[in-house]
Amino acid sequence: MKVLLVNGSPNKEGCTYTALTYVEETLNEAGIETEIFWIKTKPIIGCTACMKCREKGECTFDNDVVNEFVKKAYDADGFIFGSPVYYAGATGSITSFLDRAFYSNSQGTGLEAFKHKPASVICSARRGGTTATYDQLNKYLGISQMPIISSFYWNMVHGNTPEEVKQDLEGLATMRQLGRNMAFFLKCIEAGKKEGLAPEEEPKIAFNFIR
């Protein structure tokens, strides 16, 4: 079993990365393979609604890390998406990244890199805006049939530097418990698959309110 942890910060080893490493260490202790995927600092264009993904089966823009990540996502069993707080919200880069990754993978047939895979989000901030960011990022999971994994507090850490994050004892404990909960659910899903269990599918209906 493998979990992809996405670092949505422009800082490769900053506060968000530090929080992710605490989740990663706990997952590794539980026997879960991990990989931290950094979205880097190169500009990530937002979705332009060109709908080319319906024809190609992937985003038509292939000059950044979005399609690279989605290809990795097929082999992952769970996800943790992390972002620092910018103006009480997620970064522009991670927002564009997730918009395109999730939308392009939802188009066409047989594109199911995320469906039914447990996932969670974490956020880091010097002080405020964490709960708004947490709510924002969780919406990608909720529309994609992904079980959302929580901890004993909202998944956030506080600090202006990695050293300060390491002083947030409650935040770090929250990250570790998140890792334990993710490992537990992954093992439950694996056990269920061995028993032939799988969710029943309801046909999707697209309905416009203005007709």
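Because the structure is a prediction, the values reported are computed rather than measured.

*Asks:* Explain the sheet that holds strand 2 (residues 33–38) to me, please; I cannot follow it from the model alone.
*Replies:* Backbone-to-backbone hydrogen bonds join strands into a sheet, with any given pair of strands oriented parallel or antiparallel. The 5 strands lie next to each other as 2-1-3-4-5, forming an open sheet whose pairing is parallel. One side of each edge strand has no neighbouring strand; the edge strands of this open sheet are strand 2 and strand 5 (156–158). On average, adjacent strands in this sheet sit at an angle of 15 degrees to one another, irrespective of strand direction. Relative to strand 3 (residues 78–84), helix 4 (residues 92–106) is tilted by about 150 degrees, and along the sheet it contacts strand 1 (2–7), strand 2 and strand 3.

*Asks:* I would appreciate a short explanation of unusual backbone geometry in the present structure.
*Replies:* In most cases, non-glycine residues show a negative phi, while peptide bonds are predominantly trans. Positive phi, normally seen in glycine, also occurs at Met51, with a value near 65 degrees. Position of Met51 among the secondary structure elements: in the loop between strand 2 and helix 2 (53–56). Here His116, not a glycine, exhibits a phi torsion of approximately 70 degrees, which is positive. Within the secondary structure layout, His116 lies in the loop between helix 4 and strand 4 (119–125). Among the residues examined, His116 registers a relative accessible area of 26% and is labelled partly exposed.

*Asks:* Any chance you could explain the packing of helix 3 (residues 66–73) against helix 4 here in plain terms?
*Replies:* Between two packed helices, what matters for the description is the angle formed by their axes and the separation of those axes. Two elements in contact, helix 3 and helix 4, have axes whose closest approach is 10 Å; the angle formed by their N-to-C orientations is 55 degrees. Relative to helix 4, the element helix 3 lies oblique. Judged by the twist between their axes, the crossing of helix 3 over helix 4 is right-handed. Facing Val66, Phe69 and Val70 of helix 3, the residues of helix 4 in contact are Phe97, Arg100, Ala101 and Asn105. Here the residues of the contact of helix 3 with helix 4 are counted per class, giving 5 nonpolar, 1 polar and 1 charged.

*Asks:* Got a minute to help me understand the packing of helix 1 (residues 15–29) against helix 7 (residues 169–194) in this structure?
*Replies:* In the contact formed by helix 1 and helix 7, the axes pass within 8 Å of each other and the chain directions differ by 40 degrees. Judged on the interaxial angle alone, helix 7 and helix 1 are oblique. As helix 1 runs across helix 7, the sense of the crossing is right-handed. Together, Ala19, Tyr22, Val23, Thr26 and Leu27 of helix 1 and Leu172, Met175, Arg176, Leu178, Gly179, Arg180, Met182 and Ala183 of helix 7 make up the contact between the two elements.

*Asks:* Is there a simple way to think about the side chain of Gln107 in this case?
*Replies:* You can see Gln107 is positioned in the loop between helix 4 and strand 4. The buried category is assigned to Gln107, whose relative accessible area is 11%. Only 3.0 Å separates the side chain of Gln107 from the side chain of Ser106, close enough to count as a polar contact. Excluding residues that lie within four positions of it along the chain, Gln107 makes contacts with Cys53 and Arg54.

*Asks:* Whenever I open this one, the packing of aromatic side chains confuses me. Can you help?
*Replies:* When we look at a pair of aromatic rings, we describe it by the centre distance and by the angle of the planes. Enumeration over the complete set of coordinates arrives at 14 aromatic pairs. Note on Phe37 and Phe69: the rings are 5.4 Å apart at their centroids and 55 degrees apart in plane angle, and the pair reads as tilted. Linking Phe37 in strand 2 with Phe69 in helix 3, this pair joins segments that are 32 residues apart in sequence. A relative accessible area of 4% places Phe37 in the buried class. Between Phe69 and Phe97, the ring centres sit 5.1 Å apart and the planes meet at 50 degrees, which makes this aromatic pair tilted. Here Phe69 is found in helix 3, whereas its partner Phe97 is found in helix 4, with 28 residues between them in sequence. Clustering of aromatic rings is evident, with ring pairs tying together Phe37, Phe69, Phe79, Phe81, Phe97, Phe102, Phe114 and Tyr140.

Procedures and definitions
Residues numbered from 1 in each chain as written. Predicted model: local features only at pLDDT ≥ 70, side-chain atom pairs only at ≥ 80, totals over all residues. Heavy atoms only, no water. Pairing = 2+ DSSP bridges. Helix = DSSP H or I, 4+ residues; strand = E, 2+ residues; numbered from the N terminus. Axes fitted to C-alpha atoms, helices over the stretch in contact; angles between N-to-C directions. Contact = heavy atoms within 4.5 Å. Buried < 20%, exposed > 50% of the residue type's maximum accessible area, 1.4 Å probe, protein only. Parallel < 35°, antiparallel > 145°, perpendicular 65-115°, else oblique. Left-handed = near helix turned anticlockwise from the far one by under 90°. Nonpolar A, V, L, I, M, F, W, Y, C, P; charged D, E, K, R; others polar. Polar contact = N/O pair within 3.5 Å; in protein donor to acceptor, adjacent residues only side chain to side chain. Phe/Tyr/Trp six-rings, centres within 6.5 Å; stacked < 30°, edge-to-face > 60°.

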